[in-house]
Structure formats: structure tokens, C-alpha cells
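Reading the structure
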2 protein chains.
Amino acid sequence: MTTTSNAAATPLAIIAGGGVLPAEVASEVIATGRRVVLIGIRGEADPAILDPLGQITDSVRLEWLEWGQIGRLLALLSHEGASEAILAGSISRRPDFRSIVGDFGTLKRLPRIIAAMVGGDDSLLTRVIGLFEKEGVTIVGLGAVAPRLLIGDGPLGSRRPDSHAQQAIAAAAAVVTALGQLDVGQAAVAFGRRVVAIEGAEGTDGMLERVAVLRQVGRIGRADEAGVLVKGIKSGQDLRVDLPTIGPHTVIRAHQAGLAGIAGESGRVVVVDRAATLAEAERCGVFITGFRRVPAGA
Amino acid sequence: MTTTSNAAATPLAIIAGGGVLPAEVASEVIATGRRVVLIGIRGEADPAILDPLGQITDSVRLEWLEWGQIGRLLALLSHEGASEAILAGSISRRPDFRSIVGDFGTLKRLPRIIAAMVGGDDSLLTRVIGLFEKEGVTIVGLGAVAPRLLIGDGPLGSRRPDSHAQQAIAAAAAVVTALGQLDVGQAAVAFGRRVVAIEGAEGTDGMLERVAVLRQVGRIGRADEAGVLVKGIKSGQDLRVDLPTIGPHTVIRAHQAGLAGIAGESGRVVVVDRAATLAEAERCGVFITGFRRVPAGA
């Protein structure tokens, strides 16, 4: 376990977007004996997933906030004594200025918030993290509070990549590594030594759909080649935000695209809904494995 | 002009696939006073394009061959005294073993041909080139016999990239350059500094269709960002085969994807059907420009 700071004695705030990940983080943290302040962002987080956790009143305080109630959020964290927070789950809407002007506490901080949103070269989330830290709240990453949710080294289920698949993993991982330095392309698909698809703004699902179509029309995928999806992170990516994920739907789409398996960068890629993901992997005969990237220049 | 070898006194053989490029190469070469042996591959080259050239009997000898008539092809080149050849035009079908066993001359060379097709790490075309060279026929590139068909430095038509577009060219060119070392991704699309699409097995047209869809659903392309398509070559690519092309349909698809322009690597990208390409660029308001890649490590 890596949770060794004094802050661990105080509750962890989980600022929750969509999907099961916020609840999974909460469960992991509660299991270590630490309290959780769970803040569901309305319109993003799923009440059907978070509300049951809100019933465990001795370990969890659940609150629902609108986008932009930043003043109220900070007041809540201060009142609960939560000096550490984590951002977890998906965000479908990018907040605009109007939604941000939410309450008096937000209004007070408006110049700073606008500066963060208009921002420089950093990503919006990195600047949002800076805002929190100016208020005395440290944003932590998944690796610090729930490392078991990240993919580790080697195979996750019963299936493992054969030598053909390992060749494809190496080819796609080389592309993901080269592109990571350019802040693009967190995923790629290779058949054999040939990289056939690289992720852009369409996202992993869009890329896998494309691979499925290319395969149907016979443009890729000889019988003797193993296809793999490789997911990694950008070089120098802030590990506290927006880690790539592998979930049940990733397995299903990979299978539909005719892939033999999925490789995620060890300690850097989240396996969401692990039980369902592994069940799908077994059902589809798809392997899931962790890999370590070769350091640049090696 | 770069045609300075003694071989220039002998006819140039043009082994012609689909599209207008073989005819364009023939016209350029004839204009220098050199004879041409034009070999149309049946099912690939377009008779409507090549047959009229066959009428210029003092400068052109036109022959149609099937895939796999390699013996007859080499006999023809020998008979015509053509010791230099160029491969031009698109190939839609990958030849298989059955189509290769075409004639006695092919049969004689079969072990060598099979070795080329089963091959090592080189591309099939590189190995085919090796086959020709063993027969005493040198394969030359477009730059050697028709350099005017390649994109040069700077803008091609009346429009030129503004500073926003130059930013996008730099971003996409960085990706194309990084990937070129990995034998993948000869093209990318950027809006502003963000690379949103990278070409894989789907080809440039497929990538531009994807960009058009992403733009329609609002996933990419803010009003203040210029979008560009950048095409380049792989590092160490054999310049005698398979150069990337820009043509009228590239301009139309780029325009449909909401792009401001197209940048091709100077001296490495072919502008096919230049008059029609420029006319489309004017009509659509799309710029076309040549760029030089920044050397790796610079």
C-alpha cells in the first residue's frame, strides 16, 4: 500500500464523474479504513451507482453538486477536514463559463477560475488541479489511493499473449511511446508487426470500430497474424487525471475487431469493473496483459 | 533536370498501374526527348488513359501485359534496349502465386520470384525491385525522371497557409516524422496544435472521412483553429516506390472535412493531375503547400 501520508488519517474526497470507477475507488479506500467524502457531479455521476454507497454513513458522506458549485465544494471539503481529493469517472460535458458561476464561493474565486479555464499550454484538468491546490486541497492519483485498480505486470486472466501477439504488442507499443512525446495517440492496434490504426480524437471505441470494418473488407488481418490493442499514457502525463481505461466494452469491441488481446501500460492504465472485464475476456477468448514500455533511447 | 545518366539515351520503361500518373510520367519524359516503353498492367492501368499515348508511335511503345508475365516483360525491355524502368500508378490487387506463374520466362525465374514474394523484412515492392535489378534493369524514382510531378517548396496555388495553419502543419508534421521511423502513419490531420487523426490502414481518404464525421458531431475544430492535412514519407522509404499522393479527390475530401489546406513533404509527395488539383483547390479555397521536415533530433 502506498497510502502512508498523514493526510490518510483525514477523509479522502472523491469528485465523481460517470461510470463505476468512483464507486470502485470508494470501495478500495473504505477497505483501508479511511473515510470518504463522495461528491457526485449531477448530470455526470450515476445515482444508481453512488446512492447505495451513501447508505454506509459511518464510512461515506455523499453529496451531489452541480457543475460550478466550486464554492460549496470547497466549503464541504473544509468542513469534513478532507485535505486530499481524487478526480474519478468520466466527464461528458466540458463546463462553460455560464455553468461555472454557480455560487458565492465560486464568484469570489472567479478571476482565478477564468484564468484556469482560458489557460496556457497545460490541459484544463491540470489547471483545475492547480486551483484546488491553491485552496489547500491536494489532488492525488489512483496509484496513491487505489493501486489495485491499475493493471499490473503480465496477464490478468487465464489467457496470455503468444509470441505472435507479443510481436504485435511491441509494434503498437513503439507507436504509442513515440506519439506519447507529442501529446497524442494513447492507443494503437497492430496485426503482426504492422500497426494498422492509431487513436486520434475518435477515441478507442471509434478506432476499434474502424479496425472491425477494415478487417471485414479484408484490408487487414491475415490468418497467421495476431491483432492486439495497446493502450498507454502520454510521456509526462499527469498521473492524477484522465488515465486510459480498459473495461468490459473494450474487451467486446476488441473481440469484434478480431483482436487476440489487449495490453495496457503497467501501473498507468485503469481496469474498470474488473470482474465484468475478466468475465468478458474469458467469454470472448481475449487476453488482457500489462506491459512496461521500453524507455526512450533504449 | 536530374536525368544525366547514360541510360537516358535508352528508352525508359514505365510499368503502369491505375490512374493518370503513368501518362503524366510518360508526357514528362517524352518532353525531354526520351523514348518510352509503356507497359500497362491489365486490370490495373486504364486503357482510356494509356491507349492515346500509344498512338505517338515515334516516342511511345505501348504494350499490355497480365500480372505474372514477368518473362515477357523482361524480354520486351531487353528487346527495346530499356535498361531503366519506373513503377507508376496504383495497384489494387496484390498478386498471388497463381497469377505469377504466367509464362516460361516467369517459370524459369520462379525460385527467385517466390523468394521475393515470401521475402524478409523489406516491403514486397523493394524485393520486386531487387528482382529487376538482378536482370540488369535499374528501377528509378519519380525524382530522377519527372521531378516536376513532385510538390516543391512553398504554396502551389494562390492560397497560402496563415500563421494558424502553419502551427497545425508543424503539429501534424511532428507526428508524421515521429511515426515515419516506425514504418507507419504517412499522414495526419491537426486542428491548431492538436493532432486529431493519424493515418493507418484505412488510408488518407478514410482518415479524412473520419475527420469530417468528428467535425460534424462537434468533437473537433473550434472556429478559431485551422485544420490541415499533412502527408510525408517514412524515414528511409525507398523513393522509387509508393510515394504519397495529393490529387483532386484529396482536395475535395479535405474541404469536406473542414480543413484549410494540405501540406506535402517537399520533393517526396506526388501531385497527381496537377491542373485539376489546383482547380479544385481554387474552387474550395483550400491551400496546398510543400514543407521540409525538421531533421530528427533538431
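Read on for a plain summary of the structure. Counting starts from 1 at the beginning of each chain's written sequence and moves along it residue by residue. Chains and ligands are labelled sequentially in the order written, the chains with letters from A and the ligands with numbers from 1. Only residues with pLDDT of at least 70 get local features here, since the model is predicted, and only at 80 or more are side-chain atom pairs given and counted; chain-wide, interface and lining totals rely on the full set of residues. With hydrogens and water set aside, each side-chain value is computed from the structure's full complement of heavy atoms.

1. A word on the side chain of Glu265 of chain B
Turning to its location among the elements, Glu265 of chain B is positioned in strand β11 (residues 261-265). Whether two residues are in contact is decided by their heavy atoms, any of which lying within 4.5 Å being enough. Filtering out sequence-adjacent residues up to four positions away, Glu265 of chain B remains in contact with Ile151, Lys231, Gly232, Ile233, Phe291 and Arg293 of chain B. Counting from the N terminus, the helices are DSSP H or I runs at least four residues long and the strands are E runs at least two residues long.

2. Description of the nonpolar core
Residue types Ala, Val, Leu, Ile, Met, Phe, Trp, Tyr and Cys, when buried and joined through side-chain atoms within 4.5 Å, form a set referred to as a nonpolar core. To sort residues, take the accessible area from a 1.4 Å probe on protein chains only and compare it with the maximum for the residue type: under 20% means buried, over 50% means exposed, and anything in between is partly exposed. One finds Val230 of chain A together with Val230 of chain B to be the most contacted residues of the largest nonpolar core, which totals 40 residues. Ignoring any residue separated from it by four or fewer positions in sequence, one finds Val230 of chain B in contact with Ile169, Ala172, Ala173, Val176, Gln186, Ala187, Ala188, Ala263 and Phe291 of chain B. In terms of nonpolar packing, the next biggest core, distinct from the first, is built from 29 residues, Ala23, Ala45, Leu149 and Ile233 of chain B among them.

3. Observations regarding the relation of the copies chain A and chain B
Least-squares superposition aligns the copies on the C-alpha atoms of those residues with pLDDT at or above 70 in both. Overlay of chain A on chain B (RMSD 0.1 Å): rotation 180 degrees, translation along the axis 0.0 Å. What we have between these two chains is a two-fold relation. An overlap of 100% is found between the interface residues of chain A and their copies at the interface of chain B, pointing to a shared contact surface.

4. A closer look at the sheet that holds strand β1 (residues 12-16) of chain B
Residue and element names in this part refer to chain B. At least two bridges found by DSSP between two strands is the condition for calling them paired. Taken in spatial order, the 5 strands make up an open sheet running β3-β2-β1-β4-β5, and their pairing is parallel. Of all the strands in the sheet, the pair left with one neighbour each is β3 (60-65) and β5 (138-139). Against the sheet, helix α1 (residues 21-31) makes contact with β1, β2 (36-41), β3 and β4 (84-88), and its axis sits at roughly 170 degrees relative to β1, the strand it touches most. The sheet contacts of helix α2 (residues 47-54) involve β1, β2 and β3, and relative to β3 the element is tilted by about 140 degrees. Axes here refer to lines fitted to C-alpha atoms; in helices the fit is confined to the stretch in contact. Angles between the N-to-C directions go from 0 to 180 degrees.

5. Quick word on helix α1 (residues 21-31) of chain A
All names here are of chain A. A large share of α1 lies buried, amounting to 8 of its 11 residues. When we look at burial in α1, the residues that qualify are Leu21, Pro22, Ala23, Glu24, Val25, Ala26, Glu28 and Val29. Backbone geometry just after α1 places Gly33 at a positive phi near 90 degrees.

6. Observations regarding the sheet that holds strand β3 (residues 60-65) of chain A
Residues and elements named next belong to chain A. Spatially, 5 strands are ordered β3-β2-β1-β4-β5 in an open sheet, and the strand pairing comes out parallel. Whereas interior strands pair on both sides, the edge strands pair on one side only; in this sheet they are β3 and β5 (138-139). Each of β1 (12-16), β2 (36-41) and β3 is contacted by helix α3 (residues 70-80), which is oriented at about 165 degrees to β3, the strand it contacts most.

7. A short note on the pairing of strand β13 (residues 287-291) of chain A
Residues and elements named next belong to chain A. Counting buried positions over the 5 residues of β13 gives 5, a clear majority of the element. Of the two faces of β13, the one holding Phe287, Thr289 and Phe291 and the one holding Ile288 and Gly290 are both buried throughout. Alignment of strand β6 (residues 154-155) against β13, held across 2 bridges, turns out to be antiparallel. Across the sheet, Gly154 pairs through a bridge with Gly290, a residue of β13. As defined by bridge partners, strand β11 (residues 261-265) adjoins β13 across 5 bridges and the pair is classed as parallel. Paired with Gly264 across the strands is Gly290, a residue of β13.

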